Amino acid sequence: MERTASIKLVLTSEQTQRLSSLAKMFSDVCNMVVSFAVEHRCWNRVALHHLAYYPVREKFPALGSQMICNAIKRVADGYKTLNSNKGIAKNKPVKSLLFTPKAIHFDKRTYSIKGDNFSLYTLDGRIHVGFVCGEHQTDLLRIGEPKEAELIVRKGKWFFNLVLDIPNVPVKTEGGVLGVDVGENNLAATSS
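Residues numbered from 1 in each chain as written. Predicted model: local features only at pLDDT ≥ 70, side-chain atom pairs only at ≥ 80, totals over all residues. Heavy atoms only, no water.

Chemist: I keep staring at the overall build of the protein and nothing clicks. Help me out?
Modeler: Of regular secondary structure, the protein possesses four helices and nine strands. Written out in order from the N terminus, the α and β elements of the protein read β-α-α-α-β-β-β-β-α-β-β-β-β. Considering only C-alpha atoms, the protein reaches an extent of 65 × 50 × 30 Å along its principal axes. Across the 192 residues of the protein, 39% fall into the buried class. Sequence-distant contacts, at least 24 apart, represent 64% of the contacts inside the protein between residues at least 6 apart. When the accessible surface of the protein is split by element, carbon and sulfur atoms take 52% of a total near 11700 Å². (Helix = DSSP H or I, 4+ residues; strand = E, 2+ residues; numbered from the N terminus. Buried < 20%, exposed > 50% of the residue type's maximum accessible area, 1.4 Å probe, protein only. Contact = heavy atoms within 4.5 Å. Areas by Shrake-Rupley, 256 points an atom, 1.4 Å probe, with all protein chains shown as cover.)

Structure (structure tokens):
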């Protein structure tokens, strides 16, 4: 089972600037990839990668190749979502998605966790940033296997939304079971 832990980063002004620069370039790359998706009506990640990777890499040499792959994935995911919500008609032009510098997709190659710090890719090399999280997020970090993440900025604060693979808890086969329905009118209703 997957869960997402939203973890608040503790950044210096220099680290904030470096992440802001990365976010700007990442959104610019996503918007360039959009032009390939629209022109070729393509949102398959592998096919879109073959269409866009080298032209994007040539235009944005400062952005690492893995982050370009992450941008292609983000665009493909955006169009897949739009298509599954019936937002793309077969006989009409594909509308352009617009990506703003509010989120950056990270995968296992572009971040790592070292104790109570994240090591994050930036345009000027990796930075090590501290974080704070609540008890729930700490428990998820302790038991979960880190996967991909979205680095987002909301109201000037940066959060690392980390997807964790949580091991399944074995089903209890003996003893009784109590079901609880938490509702609007009744605080809780039990099945016993």
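Still more ground to cover, so stick around.
Chemist: I keep staring at the packing of aromatic side chains and nothing clicks. Help me out?
Modeler: Inspection of every chain in the model, using the stated rule, returns six aromatic pairs. For the ring pair Phe106 and Phe160, a centre distance of 5.8 Å and an interplane angle of 65° mean the geometry is edge-to-face. Taken together, the residues span a long stretch of sequence, with Phe106 in strand β2 (residues 103–106) and Phe160 in strand β7 (residues 157–165) at a distance of 54 residues. Among the residues examined, Phe106 registers a relative accessible area of 0% and is labelled buried. With 5.3 Å between their ring centres and 65° between their planes, Tyr111 and Phe160 make a pair best called edge-to-face. Of this pair, Tyr111 sits in strand β3 (residues 111–114) while Phe160 sits in strand β7, and the two are 49 residues apart along the sequence. (Phe/Tyr/Trp six-rings, centres within 6.5 Å; stacked < 30°, edge-to-face > 60°.)

Chemist: Which parts of the structure should I look at to understand the sheet that holds strand β6 (residues 145–154)?
Modeler: Two pairing modes exist for strands in a sheet, parallel and antiparallel, and in both the strands are linked by backbone hydrogen bonds. Here seven strands make up an open sheet; going across it, the order is β2-β6-β7-β1-β5-β4-β3 and the pairing antiparallel. Only two strands of the sheet have a single partner each, and these edge strands are β2 and β3. Across the sheet, the axes of successive neighbouring strands diverge by a mean angle of 35°, strand direction being ignored. Two strands pair when backbone bridges link them, and strand β1 (residues 2–10) and strand β5 (residues 127–132) are joined in this way by three bridges, in the antiparallel orientation. (Pairing = 2+ DSSP bridges. Axes fitted to C-alpha atoms, helices over the stretch in contact; angles between N-to-C directions.)

Chemist: Would you explain the state of the cysteines in this entry?
Modeler: Covalent bonding between the sulfur atoms of two cysteines defines a disulfide. This structure, assessed with the given rule, holds zero disulfides. Among the cysteines around Cys30, which has no disulfide bond, Cys69 carries the closest sulfur, lying 12 Å off. What makes Cys30 buried here is its relative accessible area of 0%. (Disulfide = S-S within 2.5 Å.)

Chemist: Looking at this structure, how should I read the environment of Gln137?
Modeler: Structurally, Gln137 is set in helix α4 (residues 135–143). Residues Gln137 and Lys24, 113 residues apart in the sequence, show an inter-C-alpha distance of 28 Å. Leaving out residues up to four positions away in the same chain, Gln137 has contacts with Ala5 and Ser6.

Chemist: Would you explain the pattern of salt bridges in this entry?
Modeler: Close approach of charged atoms allows side chains with opposite charge to pair. One pass over the full model with this rule turns up six salt bridges. For Asp28, the salt bridge identified is with Lys24, shortest N-O distance 2.9 Å. Here Asp28 pairs with Lys24, and both are found in helix α1 (residues 13–40), just four residues apart, close to one helical turn. Accessibility expressed as a relative area gives 44% for Lys24, which makes it partly exposed. Note that Arg109 and Asp107 form a salt bridge whose closest N and O atoms lie 3.7 Å from each other. (Salt bridge = Lys/Arg side-chain N within 4 Å of Asp/Glu carboxyl O.)

Chemist: Which parts of the structure should I look at to understand the nonpolar core?
Modeler: Here is a general trend for soluble globular proteins: nonpolar side chains tend to be buried in one another's company. One finds Tyr79, Phe106, Leu120 and Phe160 to be the most contacted residues of the largest nonpolar core, which totals 53 residues. Leave out the neighbours within four places in its chain, and Leu120 touches Leu9, Leu19, Phe106, Thr110, Tyr111, Gly125, Arg126, Ile127, Val129 and Phe160. (Core = buried A, V, L, I, M, F, W, Y, C linked by side-chain atoms within 4.5 Å.)

Chemist: I tried to follow the environment of His40 on my own but got confused; where do I start?
Modeler: Looking at the secondary structure, you find His40 in helix α1. Classification of His40 by relative accessible area gives partly exposed; the value is 39%. Sequence-wise, His40 and Arg109 are 69 residues apart; in three dimensions their C-alpha atoms are separated by 29 Å.

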